[in-house]
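A closer look at the structure
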Amino acid sequence: MAKIFSTTSDQLSTVEDKGDHYVYTMHKCPVCWSRKNADKPVCYIATGLLQESLKWVSGGNEFRVNESKCIAMGDPVCEFIIQKTPIS
């Protein structure tokens, strides 16, 4: 997904393997465009896309995806922690 968004749009995304989890980073976020002073992460669409993509690619397993940083909250990027162990 990161490769698709990075090569077909201006939404640069990267993925890092951190051992027990992945860190998916959106360096430009279309959901946060012009949003400021949010008191919590607002990228629900991105979270859902990641969850459903993982469910599809894994054959039906669900994975925990939590947004840990959000541009709308003042962070430099939107960052999602994806646990490797499925929750179902």
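Residues numbered from 1 in each chain as written. Predicted model: local features only at pLDDT ≥ 70, side-chain atom pairs only at ≥ 80, totals over all residues. Heavy atoms only, no water.

To continue, consider the sheet that holds strand β4 (residues 78-83). Strand order in the open sheet made by the 4 strands is β1-β2-β4-β3, with antiparallel pairing throughout. The open sheet has two edge strands with one neighbour each: β1 (13-17) and β3 (65-69). Between one strand axis and the next, the sheet turns through 25 degrees on average, direction left out of account. Pairing analysis gives 5 bridges linking β1 to strand β2 (residues 21-26), with the strands arranged antiparallel. Each residue of the ladder has a partner; that of S13, found in β2, is M26. Running at roughly 30 degrees to β4, helix α2 (residues 44-57) makes contact with β2, β3 and β4 of the sheet. (Pairing = 2+ DSSP bridges. Helix = DSSP H or I, 4+ residues; strand = E, 2+ residues; numbered from the N terminus. Axes fitted to C-alpha atoms, helices over the stretch in contact; angles between N-to-C directions. Contact = heavy atoms within 4.5 Å.)

By size, the foremost hydrophobic cluster in this structure holds 15 residues, and its most contacted members are Y24, M26, C32, C43, C70, C78 and F80. Secondary structure elements with two or more residues in this core: β2, α2 and β4. Sort the elements by how many residues they give to this core and β4 lands first, with 3 residues. Leave out the neighbours within four places in its chain, and C70 touches C32, P41, V42, C43, D75, V77 and C78. (Core = buried A, V, L, I, M, F, W, Y, C linked by side-chain atoms within 4.5 Å. Buried < 20%, exposed > 50% of the residue type's maximum accessible area, 1.4 Å probe, protein only.)

Here we take up the packing of aromatic side chains. Taken as a whole and assessed by the stated rule, the structure comprises 1 aromatic pair. In this structure, K84 is placed above the aromatic ring of Y22, and the distance from its NZ or CZ to the ring centre is 4.7 Å. (Phe/Tyr/Trp six-rings, centres within 6.5 Å; stacked < 30°, edge-to-face > 60°. Lys NZ or Arg CZ within 6 Å of the ring centre and 35° of its normal.)

Here we take up the side chain of T25. Locating T25 in the fold gives a position in strand β2. Note on T25: relative accessible area 5%, which makes it buried. With residues near it in sequence (within four places) discarded, T25 still touches L12, S13, T14, V77, C78 and E79.

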